[in-house]
Amino acid sequence: MKYRDILMEQEDLVSPGISACQGCGAELCLRTALRVLGKNTVVAIPPGCLAGAGVVGWNYDNGLKIPVHITLLDNTASFLAGVKELYDYLDEDVQVVAIAGDGATADCGFQSLSGAAERGHNIIYICYDNEGYMNTGFQRSGTTTKGSHTSTTPVGSLIKGKAQHKKDMPMIMAMHNAAYVATLNPAYMKDFVSKLKKAMSVKEGLSYLHVCSPCPTGWRFNSDLSIEVARKAVKTNFFPLYEYENNSFKLKKVANPEPVSNFLKLSKKFKHLDEKDIEEIQAHVDEKYNNLVNLAGENIN
Amino acid sequence: MMESKEKEYITSVGEGIYSINTGDWRINEPVLDQEKCKKCGLCFLYCPVFCIEKKDDYYEINYDYCKGCGICARECKSGAIKMVEKGSSSYAKN
Ligand code: SF4
Ligand code: SF4
């Protein structure tokens, strides 16, 4: 089945009106992911933008048309590991899926995710990476890009945005030997759908999907630019599309990658960066990308 | 919060679907020109609110929940979607 037919034929499993910002990348990823995952799914969403937007419901009403739990910031993966064990015990084949922001994944929730990956629970963990604690006012997180102007990494005479490089979550999960790891980007929907399908086919071990999720409000770009920002992240190799399974990497090569400045200049959170700052980010992007090229070896297409 | 039309959704927990009227948020709204539309479906793929609906052989904007982000207009390669001030077009309800 073609990916478009999959998307067109499936019902939207999210409430029609959730209060994610105009142009929110995470809302698009959530709706698309659930269209592919389908109804036989139990979801957990920790505190973060999507929980705050009402996806976990309110009072007696649900935010999804399927079961959804709001977990704590730090226990999403271990919570779902238990849920999955129960369904296994009952001999019911149910997909158990986390949809968590980068704070609940790379920072607060990391130890429970690391443990679940190491033990190999058969859950699908989706991280929408909008590079910060956007729901509470754009504080920096472990995955915030170096130089980003956030509310806790301001720009002034002493510091110029975040001082550290982005924590490389998908690579960290690959180094856990998770059953399947992939990076997904909403501008590349065919790839997005096929990687979700692949994660659904994994019946042993944890699948970790890391999604590039541009945030118009926190990154400060016009809401109509979300897809363009996501696309530039791939075209500049800032966010390479790759997969990991069975100890091997597979990388999608970008023909003639653009300089990372083409991605950075779209968001006002980077507008204070000077040439030297941009060069440093470019060097980091190149180093990460070359590392992937080496790891993928012949599996580059 | 819950409007009557949402009651039709089946939920395993709770009484209905929590939904807010995001259609109220729009300042500008998209208008789709069916003559220019090439039926490529890109707007359908990229609308974060999923309010572009696929009909038998055309696409239609459902204005009930459209937030007016403008992604559909920017991503349409055929220039078939334009953003106009809310209420200034006869296509757009609300
Ligand atoms: S993106 Fe433009 S051309 Fe394609 S279906 Fe939508 S309106 Fe029509
Ligand atoms: S303006 Fe935004 S919310 Fe409205 S139809 Fe277009 S993409 Fe969807």
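Let us look at the structure shown here.

About the criteria used
- Residues numbered from 1 in each chain as written.
- Chains lettered and ligands numbered in written order.
- Predicted model: local features only at pLDDT ≥ 70, side-chain atom pairs only at ≥ 80, totals over all residues.
- Heavy atoms only, no water.
- Near = heavy atom within 4 Å.
- Nonpolar A, V, L, I, M, F, W, Y, C, P; charged D, E, K, R; others polar.
- Helix = DSSP H or I, 4+ residues; strand = E, 2+ residues; numbered from the N terminus.
- Buried < 20%, exposed > 50% of the residue type's maximum accessible area, 1.4 Å probe, protein only.
- Contact = heavy atoms within 4.5 Å.
- Pairing = 2+ DSSP bridges.
- Disulfide = S-S within 2.5 Å.
- Salt bridge = Lys/Arg side-chain N within 4 Å of Asp/Glu carboxyl O.
- Polar contact = N/O pair within 3.5 Å; in protein donor to acceptor, adjacent residues only side chain to side chain.
- Phe/Tyr/Trp six-rings, centres within 6.5 Å; stacked < 30°, edge-to-face > 60°.
- Lys NZ or Arg CZ within 6 Å of the ring centre and 35° of its normal.

To continue, consider the site of ligand 1. Near ligand 1 you find 13 residues, and of these Cys-37, Cys-40, Gly-41, Cys-43 and Cys-76 of chain B are the closest. Residue composition of the shell around ligand 1, by class: nine nonpolar, two polar and two charged.

The next point concerns the environment of Phe-238 of chain A. All names here are of chain A. Tracing the backbone shows Phe-238 in the loop between helix H10 (226-235) and strand S8 (242-245). Under the relative-accessibility criterion, Phe-238 is labelled buried at 14%. Separated by 188 residues in sequence, Phe-238 and Leu-50 place their C-alpha atoms 24 Å apart. Non-local contacts of Phe-238, meaning those with residues more than four positions away in its chain, are made with Glu-131, Thr-145, Lys-166, Ala-233, Val-260, Phe-263 and Val-285.

This next bit is on the sheet that holds strand S3 (residues 68-69) of chain A. Residues and elements named next belong to chain A. Overall, mixed pairing links the eight strands, which are arranged S3-S1-S4-S5-S7-S6-S8-S9 in an open sheet. Looking along the sheet, the strands with just one partner apiece sit at the ends: S3 and strand S9 (248-251). Two strands pair when backbone bridges link them, and S8 and S9 are joined in this way by four bridges, in the antiparallel orientation. Bridge pairing in S9 links Glu-243 to Lys-250.

The next point concerns the state of the cysteines. For the coordinates displayed, the defined rule picks out zero disulfides over all chains. For Cys-21 of chain A, which is in no disulfide, the shortest distance to another cysteine sulfur is to Cys-215 of chain A and amounts to 6.2 Å.

Moving on, we get to the environment of Tyr-244 of chain A. Residue and element names in this part refer to chain A. Structurally, the position occupied by Tyr-244 is in strand S8. In this structure, the C-alpha to C-alpha distance between Tyr-244 and Ile-66, residues 178 residues apart in sequence, is 29 Å. Those residues within four positions of Tyr-244 in sequence are excluded, and the remaining contacts are Ala-174, Asn-177, Ala-178, Ala-179, Tyr-180, Val-181 and Phe-249.

In this assembly, 41 residues from chain A lie in contact with 36 residues from chain B. Here chain A is connected to chain B by three salt bridges. In this structure, Lys-67 of chain B engages Glu-27 of chain A in a salt bridge whose closest nitrogen and oxygen atoms are separated by 2.6 Å. Here chain A is connected to chain B by 17 residue pairs in polar contact (both at pLDDT 80 or more). Among the elements of the structure, helix H1 (3-9), helix H2 (25-37), strand S2 (61-62) and H10 of chain A are those that each provide at least two residues to the side of chain A that touches chain B. Top contributing element to the side of chain A that touches chain B by residue count: H2 of chain A, with five residues. A breakdown of the residues in the side of chain A that touches chain B according to their chemical character gives 20 nonpolar, eleven polar and ten charged.

A full pass over the atoms with the stated rule returns 25 salt bridges over all chains. Here Lys-288 of chain A ties to Asp-168 of chain A by a salt bridge, and the two come within 3.2 Å at their closest N and O atoms. Here the residue Lys-288 of chain A occupies a position in helix H12 (residues 275-296), and Asp-168 of chain A occupies one in the loop between strand S5 (124-129) and helix H7 (169-174), the gap between them amounting to 120 residues. Residue Arg-74 of chain B pairs with Asp-224 of chain A through a salt bridge whose shortest N-O separation is 3.1 Å. Residue Arg-74 of chain B is located in helix H2 (residues 71-75), and its partner Asp-224 of chain A is located in the loop between helix H9 (216-220) and H10; the two belong to separate chains. Overall, Asp-224 of chain A belongs to the buried group, its relative accessible area being 18%.

Consecutive side chains of a regular strand alternate in pointing toward one face of the sheet and then the other. All names here are of chain A. With two bridges joining them, strand S6 (residues 180-184) and S8 adopt antiparallel strand pairing. Bridging from a neighbouring strand, Val-181 pairs with Tyr-244 of S8. The turn joining S8 and S9, which pair antiparallel and follow one another in sequence, is formed by two residues; a positive phi near 45° is taken by Asn-246.

This part takes up the packing of aromatic side chains. Residues and elements named next belong to chain A. Per the counting criterion, the structure on display carries eight aromatic pairs over all chains. Measuring from centroid to centroid gives 6.1 Å for Tyr-242 and Phe-249, while their planes differ by 40°, and the two rings are tilted. Just as Tyr-242 is buried, Phe-249 falls in that class too. Pairwise contacts between aromatic rings join Trp-219, Phe-221, Phe-238, Phe-263 and Phe-270 into one cluster. Here the guanidinium or amino end of Lys-167 rests over the ring plane of Phe-110, the centre of that ring lying 5.4 Å away.

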